Amino acid sequence: MAKYNFKSTKIGFIGGGNMASAIGAGLIRKGILNPANVWVSARTNRTLGFWSDLGTNTALKNGEVFDNCQIIFLAIKPNMLDDALDGVKLTRTNLFSNPLFVSVLVGISLDTLVNKISKIVTNPKIIRCLPNTPMMVGEGITVYCSTNITDQDEYMIKTLLSYIGVVENVPESLMNAIGGLTGSGPAYAYLVIEALADGAVMMGVPRPMATKFAAQVLVGSGKMVLETGRHPGQLKDEVCSPGGTTITGVHAMECGQVRASMMNAVQAAVKKSNEFALATVAHRRV
């Protein structure tokens, strides 16, 4: 398989918000992408200010991204997809462009994406992916599925995103379920970090120190699971001495139903993703 010089690859983002920033800024800051070859469109100059500071090309017209890019990330809200594609159709000048579309829209299936993007491109090449915001610091997770793409297309996107995290191809039937963990999970982790830090502050630890140590606890614990291959329950038991401080703390967490709350959070996020999918299909039939 051919190697890629991504600095010469023209990559675009329709939508310049948090997820686009995590991907684009993560790749630019690692030196993988040349900002001069990145195009970003958004509805307001306020959003585009971040991208201008990075040295990318910015536009208020989605057609400019379509005209200039080989790969286009669709990074708008799910309910904005139709308007975004209408914007492409109305403002493009290159009617023969056939970019690879990479959707990061939560809950929007490949079938729905094909149906909608086919209005501007015949037989569109589409990858549906679910990344997460830690990609900005090179520690993200992306799962993906695809349609009508070549092995070379897949290799290119998988290689590109692997510079900023773990990338894995999964069945589309699992996308929403995985997204409730990987896509929403950072927010849950931030809550845990904040809560642990608050506990330490309550016991007299200065706030900056408490936050730093709480974040490192999650980093170190995650690496222990990944690098040892041991079950999290086993690793937890190894920290809990009989009658000790840690098992007392674990008991307090169980009394607060922390485990059930985490499970419920993933379940709620997946349910919302499924609702997005149903709403989009219903809108398409109207």
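Residues numbered from 1 in each chain as written. Predicted model: local features only at pLDDT ≥ 70, side-chain atom pairs only at ≥ 80, totals over all residues. Heavy atoms only, no water.

### A short note on the nonpolar core
What tends to happen in soluble globular proteins is that the nonpolar side chains get buried as a cluster.
At step 1: Residues F13, I23 and F73 are the most contacted members of the largest nonpolar core, which totals 34 residues.
At step 2: The element that contributes the greatest number of residues to this core is helix α1 (residues 18–29), accounting for six residues.
At step 3: Beyond its immediate sequence surroundings of up to four residues, F13 is in contact with A20, I23, G24, V38, W39, V40, S41, W51, V65 and F73.
At step 4: One finds W39, A84, L110 and I120 within the second-largest nonpolar core, a separate group that totals 27 residues. (Core = buried A, V, L, I, M, F, W, Y, C linked by side-chain atoms within 4.5 Å. Buried < 20%, exposed > 50% of the residue type's maximum accessible area, 1.4 Å probe, protein only. Helix = DSSP H or I, 4+ residues; strand = E, 2+ residues; numbered from the N terminus. Contact = heavy atoms within 4.5 Å.)

### Let's talk about the environment of T142
At step 1: As for its placement among the helices and strands, T142 is situated in strand β7 (residues 140–147).
At step 2: Between the alpha carbons of T142 and V104 there is a distance of 9.7 Å; along the sequence they are 38 residues apart.
At step 3: Setting aside residues up to four positions removed in sequence, T142 forms contacts with C129, L130, P131, M135, L161, V166, V167 and E168.

### Section: the sheet that holds strand β6 (residues 125–130)
Backbone hydrogen bonds are what pair the strands of a sheet, in a parallel or an antiparallel way.
At step 1: With respect to topology, eight strands assemble into an open sheet ordered β3-β2-β1-β4-β5-β6-β7-β8, the strand pairing being mixed. The open sheet terminates on both sides in strands that have one partner only, identified here as β3 (57–59) and β8 (165–169). Each strand of the sheet is rotated relative to its neighbour by a mean of 20°, with strand direction disregarded.
At step 2: With four bridges joining them, strand β1 (residues 11–14) and strand β2 (residues 38–41) adopt parallel strand pairing. When the bridges of β2 are listed, F13 appears paired with V40.
At step 3: Contacting β4 (71–74), β5 (100–103), β6 and β7, helix α5 (residues 110–117) crosses the sheet at an angle of about 135° to β6. (Pairing = 2+ DSSP bridges. Axes fitted to C-alpha atoms, helices over the stretch in contact; angles between N-to-C directions.)

### Brief notes about the state of the cysteines
At step 1: Summed over the entire model, instances satisfying the criterion amount to zero disulfides.
At step 2: With no disulfide of its own, C69 lies 16 Å from the sulfur of C129, the closest cysteine sulfur. (Disulfide = S-S within 2.5 Å.)

### Examining the packing of α1 against helix α2 (residues 45–54)
At step 1: At a minimum axis distance of 11 Å, the contact between α1 and α2 shows a crossing angle of 10°. What the angle tells us is that α1 and α2 run roughly parallel. Taken together, the residues of α2 that come into contact with α1 (itself represented by A20, S21, G24, A25, I28 and R29) are F50, W51 and L54.
At step 2: For the contact of α1 with α2, a count of residues per class yields six nonpolar, two polar and one charged. (Parallel < 35°, antiparallel > 145°, perpendicular 65-115°, else oblique. Nonpolar A, V, L, I, M, F, W, Y, C, P; charged D, E, K, R; others polar.)

### Thoughts on helix α9 (residues 207–228)
At step 1: With 22 residues, α9 extends 31 Å from end C-alpha to end C-alpha; this agrees with the ideal 32 Å at 1.5 Å per step.
At step 2: Looking at the residues trailing α9, positive phi occurs at G229, about 75°. (Expected span 1.5 Å × (residues − 1).)

### Here's the deal with the pattern of salt bridges
At step 1: Enumeration over the complete set of coordinates arrives at seven salt bridges.
At step 2: Across the pair E254 and R259 runs a salt bridge whose closest N-O atoms are separated by 2.7 Å. (Salt bridge = Lys/Arg side-chain N within 4 Å of Asp/Glu carboxyl O.)

### Comments concerning the environment of T246
At step 1: Residue placement: T246 occurs in helix α11 (residues 245–255).
At step 2: Its relative accessible area of 30% is what places T246 among the partly exposed residues.
At step 3: Once the C-alpha coordinates of T246 and K236 are considered, the two residues, ten residues apart in sequence, prove to be 9.2 Å apart.
At step 4: In this structure T246 touches V239 and C240, once residues within four positions along its chain are discounted.

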